[in-house]
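One letter stands for each residue in the lines below.
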Amino acid sequence: MRRGKLWAWIVFALGTLYFLLPLIATVQFSLSIRRDAITLDAYTNVIQSPVFQQTFGYSIIIAVAAIVVGLLLVVPAAYFVRLRAPQLRPIIEFVTLLPLIIPPIILVFGYIRMYNSSSVLPLTNTSVGTNVLLTLAYVALALPYMYRAVDTGLRTIDVQTLTEAANILGANTLTILLRVIFPNIIVAVLSGAFLTLAIVIGEFTIASLLNRPAFGVYMQNVGANRAFEPAALAVISFVITWGAMGMIQLLARFAPRTAALTD
Amino acid sequence: MSNNTDSVVTNIAAPASAGVALSRGPFAAFRGMRWGDYLGVAPFLLFAVLFLIVPTLYLVLGAFIGRDGAFTLQNIVDLGTPQILNSFWISLRVSAASALLGCIFGLLIALAIIRGKLPSAIRSTVMTFSGVASNFAGIPLAFAFLSTLGRLGLVTAFLKLYFGFDIYRAGFNLLSFWGLTLTYCYFQIPLMILIIAPAIDGLRKEWNEAAATLGASPFQFWRYIGMPVLWPNLLGTLSLLFANAFGAIATAYALTGSSLNIVPILLYAQIRGDVLNNPGLGAALALGMIVITAVANVVYLVIRTRAERWLK
Amino acid sequence: MNMKSILAASVSAIALVGVAAPSYAANDIDALYKAAQGEGQLTVIALPHDWCGYGAVIDAFKKKYAGITVNELNPDAGSGDEIEAIKANQGNTGPQAPDVIDVGLSFGPSSKDAKLIQPYKVNTWDSIPDTAKDADGYWYGDYYGVLAFIVNDDLVKNAPKTWADLMKPEYANQFALAGDPRAANQAISAVHAAGMSTGAKPGADAGAAGLKFFADLNKAGNFVPVIGKAAPVAQGTTPIVAAWDYNALAWKDGFAGNPKAEVVVPSDGVYAGVYIQAISAYAPHPNAAKLWMEYLYSDEGQLGWLAGYCHPIRFNDLASKNAIPAELLAKLPDPALYAKAVFPTLDEQAAAKDAITKGWDSTVGANVQ
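Predicted model only: the values in this text are computed from it and were never measured.

1. Regarding the overall build of chain B
For chain B, the helix and strand inventory stands at 13 helices and zero strands. Reading the helices (α) and strands (β) of chain B from amino to carboxyl end gives α-α-α-α-α-α-α-α-α-α-α-α-α. Taken over 312 residues, chain B has a buried fraction of 51%. Taking as baseline every contact in chain B between residues at least 6 positions apart, the subset at least 24 positions apart corresponds to 69%. Carbon together with sulfur atoms contributes 68% to the accessible area of chain B, which is approximately 14,400 Å² in total.

2. Considerations on the pairing of strand S3 (residues 100-104) of chain C
Residue and element names in this part refer to chain C. With five of five residues buried, S3 is to be regarded as a mostly interior element. Across five bridges, S3 lies against strand S9 (residues 272-280) in antiparallel orientation. Bridge assignment links aspartate 102 to a residue of S9, and that residue is glutamine 277.

3. Considering the interface of chain A and chain B
Across the boundary between the two partners, chain A contributes 85 residues, which contact 81 residues of chain B. Both sides together, the interface formed by chain A and chain B hides about 7,500 Å², and carbon and sulfur atoms give 78% of it. Where chain A meets chain B, there are zero salt bridges. Per-element accounting of the side of chain A that touches chain B gives the leading share, 16 residues, to helix H1 (residues 6-30) of chain A. Counted by class, the side of chain A that touches chain B contains 58 nonpolar, 18 polar and nine charged residues.

4. With respect to empty space enclosed by the protein
If you walk through the whole model with that rule in mind, you get seven cavities of 30 Å³ or more. Empty space within the largest cavity amounts to approximately 40 Å³. Broken down by class, the residue content of the lining of the largest cavity amounts to three nonpolar, three polar and one charged.

5. What to know about the pairing of strand S5 (residues 140-152) of chain C
Residue and element names in this part refer to chain C. Within S5, 13 of the 13 residues are buried, which leaves the element mostly enclosed by the surrounding structure. Here S5 runs beside strand S10 (residues 311-312); their pairing, made up of two bridges, is antiparallel. Within S10, the residue paired with tyrosine 143 across the bridge is proline 312. In the sheet, S5 pairs with strand S7 (residues 240-244) via five bridges, with the strands oriented antiparallel. When the bridges of S7 are listed, valine 151 appears paired with isoleucine 240. When S5 meets strand S8 (residues 261-264), the two strands line up antiparallel, connected through four bridges.

6. Some words on the pattern of salt bridges
Residue and element names in this part refer to chain C. A complete count under the given rule lists 18 salt bridges over all chains for this structure. Here aspartate 134 ties to lysine 112 by a salt bridge, and the two come within 3.1 Å at their closest N and O atoms. In this pair, aspartate 134 is assigned in the loop between strand S4 (117-118) and S5 and lysine 112 in helix H5 (residues 107-113), connecting sequence segments 22 residues apart. Take aspartate 134: its relative accessible area is 9%, and that puts it in the buried class. Arginine 314 is paired through a salt bridge with aspartate 317; the nearest N and O atoms lie 2.9 Å apart. Judged by its relative accessible area of 1%, arginine 314 is buried.

7. Re the domain arrangement of chain B
Residues and elements named next belong to chain B. For chain B, the assigned domains read domain 1 (4-62) and domain 2 (81-307). The partner domain 2 presents five residues to the four residues of domain 1 that form the contact. Interface area for domain 1 against domain 2, summed over the two sides, is near 350 Å², with a carbon-plus-sulfur share of 84%. Summed over the shared surface of domain 1 and domain 2, the result is zero salt bridges. Where domain 1 packs against domain 2, one counts zero residue pairs in polar contact (both at pLDDT 80 or more). Residue classes in the side of domain 1 that touches domain 2 are distributed as two nonpolar, two polar and no charged.

8. So, the packing of aromatic side chains
For any pair of aromatic rings, the description consists of the separation of the ring centres together with the inter-plane angle of the planes. Residue and element names in this part refer to chain C. According to the stated counting rule, one finds 58 aromatic pairs over all chains in the structure shown. Relative to tryptophan 360, the ring of phenylalanine 214 lies with its centre 5.8 Å away and its plane at 55°, an arrangement referred to as tilted. In this pair, phenylalanine 214 sits in helix H7 (residues 204-219) while tryptophan 360 sits in helix H15 (residues 346-364), placing the two residues 146 residues apart along the sequence. Pairwise contacts between aromatic rings join Trp51, Tyr54, Trp125, Tyr140, Tyr143, Trp244, Tyr246, Tyr271, Tyr275, Tyr297 and Trp305 into one cluster. Positioned above the aromatic ring of phenylalanine 107 is the side chain of lysine 353, whose terminal nitrogen or guanidinium carbon lies 3.7 Å from the ring centre.

9. Some points on the packing of H7(C) against H15(C)
Residue and element names in this part refer to chain C. Contact pair H7 / H15: the axes reach a minimum separation of 8 Å and the direction vectors enclose 25°. The angle between the axes of H7 and H15 places the two elements in the roughly parallel class. The handedness of the crossing between H7 and H15 is right-handed. Here H7 contributes Ala204, Gly207, Leu211, Phe214, Ala215 and Asn218 to the contact with H15, which in turn contributes Ala351, Ala352, Ala355, Ile356, Gly359, Trp360, Thr363 and Val364. Residues that form the contact of H7 with H15 fall into these classes: ten nonpolar, four polar and no charged.

10. Quick word on the state of the cysteines
Residue and element names in this part refer to chain C. For the structure on display, the rule yields one disulfide over all chains. Between the sulfur of cysteine 52 and that of cysteine 310 lies a disulfide, 1.7 Å long from S to S. One quick way to see it: the torsion about the S-S bond of cysteine 52 and cysteine 310 is about -75°, and its sign makes the bridge left-handed. Within this pair, whereas cysteine 52 is found in the loop between strand S1 (41-45) and helix H3 (54-64), its partner cysteine 310 is found in the loop between helix H11 (299-307) and S10, the two being separated by 258 residues in sequence.

11. Some thoughts on the nonpolar core
In this structure, A:Tyr79, A:Ile105, A:Ile106, A:Leu154, B:Tyr184, B:Tyr186 and B:Leu267 are the most contacted members of the largest nonpolar core, which totals 194 residues. In terms of residue count, the dominant contributor to this core is helix H3 (residues 50-83) of chain A (16 residues). Here this core spans two domains, and each of domain 1 (4-62) and domain 2 (81-307) of chain B adds at least three residues to it. If we skip the residues at most four places from it in the chain, A:Ile105 touches A:Thr205, A:Leu209, B:Ile249, B:Pro264, B:Leu267, B:Tyr268, B:Ile271 and B:Met289.

12. Comments concerning the side chain of A:Glu203
Within the fold, A:Glu203 resides in the loop between helix H9 (186-202) and helix H10 (205-209). Discounting chain neighbours no more than four positions away, the residues touching A:Glu203 are A:Tyr138, A:Leu141 and A:Gly216.

Thresholds applied
Residues numbered from 1 in each chain as written. Chains lettered and ligands numbered in written order. Predicted model: local features only at pLDDT ≥ 70, side-chain atom pairs only at ≥ 80, totals over all residues. Heavy atoms only, no water. Helix = DSSP H or I, 4+ residues; strand = E, 2+ residues; numbered from the N terminus. Buried < 20%, exposed > 50% of the residue type's maximum accessible area, 1.4 Å probe, protein only. Contact = heavy atoms within 4.5 Å. Areas by Shrake-Rupley, 256 points an atom, 1.4 Å probe, with all protein chains shown as cover. Pairing = 2+ DSSP bridges. Buried area = accessible area lost by both parts, 1.4 Å probe. Salt bridge = Lys/Arg side-chain N within 4 Å of Asp/Glu carboxyl O. Nonpolar A, V, L, I, M, F, W, Y, C, P; charged D, E, K, R; others polar. 1 Å grid on protein atoms, 1.4 Å probe; cavity = no way out; pocket = protein on both sides within 12 Å on 5 of 7 lines; lining within 4 Å. Points joined across faces, edges and corners; volume = space filled by probe spheres on them. Domains from an automatic or database assignment. Polar contact = N/O pair within 3.5 Å; in protein donor to acceptor, adjacent residues only side chain to side chain. Phe/Tyr/Trp six-rings, centres within 6.5 Å; stacked < 30°, edge-to-face > 60°. Lys NZ or Arg CZ within 6 Å of the ring centre and 35° of its normal. Axes fitted to C-alpha atoms, helices over the stretch in contact; angles between N-to-C directions. Parallel < 35°, antiparallel > 145°, perpendicular 65-115°, else oblique. Left-handed = near helix turned anticlockwise from the far one by under 90°. Disulfide = S-S within 2.5 Å. Core = buried A, V, L, I, M, F, W, Y, C linked by side-chain atoms within 4.5 Å.

Dropping the structure here:
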């Protein structure tokens, strides 16, 4: 009975309509910048704008920084929890739930109050400090996804055996992490990395409240002041997000699937 | 989970450290852990404390501090102004409406692709698309909907041209409660699909067959077996969707500038320019938001853990 | 001398009486530049690039004074937001604290009283009309323009010609202000102007009349409670917006014909508004701020604003020296309109601003529902 039930097809069709129409409309709108002509002018305007290049570059750099910091925090923690300190697991999992509970606007409000000029750690006093604050905010936002990705990756490789083998060969913990564990979970790490990228590129609230020249802020500004370029930006943003997610799906096919699952 | 394997490993890998003979007593759980293990987890926990827990607590406590620095409940009371109450009310309504619609339509679509006997390629495509769409919130989504249902949007123009039906003359406006709800559904529905799919998968074929053997119609199956099993999951996800919508600001901001009177935008304006002229009040607003989203999320988590019992 | 007679003189391009400013070099620009280079940065706020051609002005400043980065905060901020930004960043020397502000005339005295700004007299101080500056040098007018409607011709068949026209049913759901009337000078001025168009005297009376006008407009369903800018005009969300003529003209240029738009100055009330510059009392980079002021008030800076369709405050001085290129003059709106323009005095503006910002929520209460 592979033909499928009628109601299912109807629901699917309606769903497709609802989800595809805005995408089609956005593309169509972005091509209409000139009357009576289909041109890519909106796209060229956007891509050639120096502000676009600056803010896009800035966001990419912050994204990479957030990924690196996030990995430095998450990989050792996930490794040690899995290997030696399973009793800390509930604490860690609670922590990874926090960013999902605390809305980003609350987070940045707390940062501004806590790390302004009158605090022990006056991060907002300098551009560099504010950039650091922004990166850490994004690490916090991406933490749940990064942790889940790394944890899943660790689950599918036999951490105990690898560690024992490396220990026997005389490796210290740092070497184990860098040269044994990390290469084996690279697929999971990349998944987390792409998700972080997708989050950072489009993020608006935190960047605008910290007054940083990020891509999300630029998009909102263009949205208020130009008529057709925002649609072009939306399409570009969607392509990037889809690209990142697509990479994750692709990588999932290459994830190691060893027989020695530990739980 | 895997406590057995782990404790075996602990014993093998750390024979020397057991020299700290704390095999009994309150620290028995930490037996065998070297300080090196803490070092691995420490940065993570330090980060969590400094950049997740403390800022939020700082805000929460700040809500109780008045202008003079003393403890006060005045800020909470001040939340009672018409403008602020109105914004909470609108936020609650938009979040509830988009959560409800997201729940219903997400469930329908998930049921369609999983149990509707559609080609299997459809399921994987929809799941992948849902993964992307649930992250498509924010500013680009606002632009997309403006291009679709704005005054000059594709759908608006299409309806006007081919059906002579001007939705704006009929009273629809994208920049309104229903417009915003419709826009929010774009990421609520995929989120629902992603979360409810495993639960629907858990409705085992054997239950269908058992029910059929007993003479139940499909409707009776759903009424007595399917829905009751799914029900906790539905409620829990409803709660999650609600929290998701309540905290969202970027989409609404991009649609209306700062004109839509919802709580996150009010808070945004307050942080930006202290428009309420009262830092304690801003913190109180934040507290209100945290309480609502925290409650909704806790409801989701509690229900989820209980519901998972059925789907083991 | 009031503004009106100054303008009447400028229209006929006659040199103003007694304006030959003794240009004593009171401030050493080179020393300022060195000190500013030491600071390395200038933080500005609320300067959209298409407002008075600020984009080009900032670029020219950066080129002329290399070594100073310009940190641009929140281009969408209104005048009230700029004042709040100074307040919120007292004691913060980071990049969120603005050095200089560009706000509506009525925000000057209140900022001075609240000790939020510091005095500075640029080299060309004397050529700024007295009515447009604070005697002690705390704030000083920078440019002016008149309120106009920008109309999206693709969506609006007959553009409104007067404030009264806006009430007509054909403009249902079409008119918006270009800012938040509780904080943005542009929006507050529009409400004031609407009040004056009904015949009320400028000041508190016109403020109250303007509030009533918008309450009625809202009831009639013609008012869209969304901030109108170039994008909403083009996208049809707010096809008619009341904005300064320089903004309207700049937006129209940006459309490049798609959509077709026109700029109409309402004939039942030509309302002119002056903006002022000031240096924040808590500016983290005071020397860069002073250098910026010197640049803005030099001939080059003033002409930069003129290229953005604004009338710079030293317009008459420049005209008398024949320093204005003819093609720039040609692009400006009709001088006859400016002859009819009403420049409300400081007191009138203050009274109106007070009435409007406080009364908007209760009288009009328009919110996106």
